Amino acid sequence: MQKIEHTNKHYGIRAEAVEFPMMIVLSFSYVCNALCPNCPYTNSSIRSDYKDAKYMSEEIFKKIADEAGKYGAWLRISGGGEPLMHPQFLELMAYAKLKGCKLGIINNGSLMSIDKARALFEMGVEMLEFSVDAATKEDYDIVRKGLDFDTLVNAVRTLYALRNEMNAPTKILASAINQQGIDVDSVEAFWSPYVDQFQKRKYLTWGINDPQNSADDTPYLPPEEKIPCPFIFERLNIDSRGQIMVCGYDIAANTNMGNIREKSIKEIWHSEGFEFYRQKHLDKKGDEIAMCKECPDWKYRSWHHNYWKLVENAEKVKNQALHVKGN
């Protein structure tokens, strides 16, 4: 098995992120139809704290899409709940695509109908990821409490076939958390025939979950070396109120880098706040920042085995699948 390199010889802002972040991770919906035991939102009061902004408003989303589209940046539709529960889901996805954004949508598959999938394929969504986490109904009932395994299997199989039939550009992924009680290799073997790429996710805590539930705590970045965290050099996170957090670890929005109602994303990306975090990490002093020092997930960041590698690999497999179909 080929060894994966996670570190760089040199660190700093990625070339593609010099002007604008490569990815904007959106807390698009704080409403969910599942009670997954590995979810930090299930295990905290964060969702109830956002009762004033359960869904990202049309105004905020369009402001983000208008700016991000100019740079062809990725909008990763993720965050505190199930994105397909947003009442304007398809409408806003179509708007973002028209503006030039790349879209990566993470969903649990329970609400993904043929009609919705067809609409997403037709608008050219780049990535559709299903959080699967299990290969049997028995395991799924535990790790994806509240959802139905057969519904998920039928959705993924049907959508994969539809994507191939339509020759659509969308890459289809399945992901599973490498957690105690789940044979993640069996999960990969079950789902791989129906997706372009399978992703084994590290069990992350976000400072909320119990780290002992991880089935693989091998670090990507050795903590003692204080290697800079790549997230602050490539992406940022925006909640449903328009507030920008410094990174994905801060899902409770304790850091406030600015609000897009008042400043542009580009302004905030180049602000003193972000530069402070970046310089501290470049100086190997990231642990002098309280939040970074306490972050149990920093060691699972990688400069190479990351979202961009996932996109690249999935694109190759998708093109091969569509080529075989065409022949």
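Quick notes on the rules
Residues numbered from 1 in each chain as written. Predicted model: local features only at pLDDT ≥ 70, side-chain atom pairs only at ≥ 80, totals over all residues. Heavy atoms only, no water. Phe/Tyr/Trp six-rings, centres within 6.5 Å; stacked < 30°, edge-to-face > 60°. Helix = DSSP H or I, 4+ residues; strand = E, 2+ residues; numbered from the N terminus. Buried < 20%, exposed > 50% of the residue type's maximum accessible area, 1.4 Å probe, protein only. Lys NZ or Arg CZ within 6 Å of the ring centre and 35° of its normal. UniProt positions renumbered as here; feature names shortened; annotations may be inferred. Lys, Arg positive; Asp, Glu negative; His and termini not counted. Salt bridge = Lys/Arg side-chain N within 4 Å of Asp/Glu carboxyl O. Contact = heavy atoms within 4.5 Å. Pairing = 2+ DSSP bridges. Right-handed = clockwise from strand over helix to strand, strands pointing away. Axes fitted to C-alpha atoms, helices over the stretch in contact; angles between N-to-C directions.

**Student:** For this particular structure, what's the right way to read the packing of aromatic side chains?
**Tutor:** For any pair of aromatic rings, the description rests on two quantities: the centre-to-centre distance and the angle between the ring planes. With the rule as written, the count across this model stands at 15 aromatic pairs. Their ring planes at 5° and their centres at 4.4 Å tell us that phenylalanine 20 and tyrosine 71 sit as a pair that is stacked. Highlighted residues: phenylalanine 20 in the segment before strand 1 (23-27) and tyrosine 71 in the loop between helix 2 (58-69) and strand 2 (74-78), separated in sequence by 51 residues. Accessibility expressed as a relative area gives 34% for tyrosine 71, which makes it partly exposed. Their ring planes at 10° and their centres at 4.0 Å tell us that tyrosine 30 and tyrosine 50 sit as a pair that is stacked. You can see tyrosine 30 sitting in the loop between strand 1 and helix 1 (46-49) and its partner tyrosine 50 sitting in the loop between helix 1 and helix 2, a full 20 residues away along the chain. Given a relative accessible area of 3%, tyrosine 30 falls into the buried group. The structure contains a cluster of three or more aromatic residues connected by ring pairs, namely Tyr140, Phe149, Phe190 and Trp191. When the ring centre of tyrosine 50 is taken as origin, the NZ or CZ atom of arginine 241, which lies over that ring, is 4.0 Å away. Just above the ring of tryptophan 269 sits the side chain of arginine 278; from NZ or CZ to the centre is 4.2 Å.

**Student:** I would appreciate a short explanation of the UniProt feature "domain: 4Fe4S-binding SPASM" (unreviewed entry) in the protein chain in the present structure.
**Tutor:** Here the UniProt-annotated "domain: 4Fe4S-binding SPASM" (unreviewed entry) positions come out as residues 229-296. Taken as a whole, residues 229-296 contains 31% helix and 13% strand, while its terminal C-alpha atoms sit 12 Å from one another.

**Student:** Just checking my understanding: could you explain the side chain of glutamate 67 for this structure?
**Tutor:** Relative to the helices and strands, glutamate 67 resides in helix 2. Comment: no salt bridge for buried glutamate 67; closest opposite-charge side chain is lysine 63, at 4.9 Å. Each residue touching glutamate 67, except ones within four places of it in the same chain, is listed here: Phe20, Ser264, Ile265 and Lys266.

**Student:** Whenever I open this one, the UniProt feature "domain: Radical SAM core" (unreviewed entry) in the protein chain confuses me. Can you help?
**Tutor:** The positions that UniProt labels "domain: Radical SAM core" (unreviewed entry) are, in the present scheme, residues 27-161. Strand forms 13% of residues 27-161 and helix 42%; the C-alpha atoms that close the span are 29 Å apart.

**Student:** Looking at this structure, how should I read the pairing of strand 3 (residues 102-107)?
**Tutor:** Moving residue by residue along a regular strand, the side chains alternate between the two faces of the sheet. The buried count for strand 3 comes to five of six residues, which makes it a mostly enclosed element. Bridge count between strand 2 and strand 3: four bridges; the pairing is parallel. Counterpart to leucine 75 in the pairing with strand 3 is leucine 103. The parallel pair strand 2 and strand 3 is bridged by helix 3 (residues 89-99), and the resulting crossover is right-handed.

**Student:** Help me understand the sheet that holds strand 5 (residues 171-177), please; the structure alone is not making it clear to me.
**Tutor:** Consider a sheet: its strands pair through backbone hydrogen bonds, and that pairing is either parallel or antiparallel. Taken together, the nine strands give an open sheet; going across it, the order is 6-5-4-3-2-1-7-8-9, and neighbouring strands pair in mixed fashion. Edge strands, defined here as strands with exactly one partner in the open sheet, are strand 6 (197-201) and strand 9 (258-259). For strand 7 (residues 235-238) and strand 8 (residues 243-245), the ladder comprises two bridges, and the chain directions are antiparallel. If you follow isoleucine 238 over to strand 8, its bridge partner there is isoleucine 244. On the sheet, helix 2 packs against strand 1, strand 2 and strand 7 and is oriented at approximately 150° with respect to strand 2.

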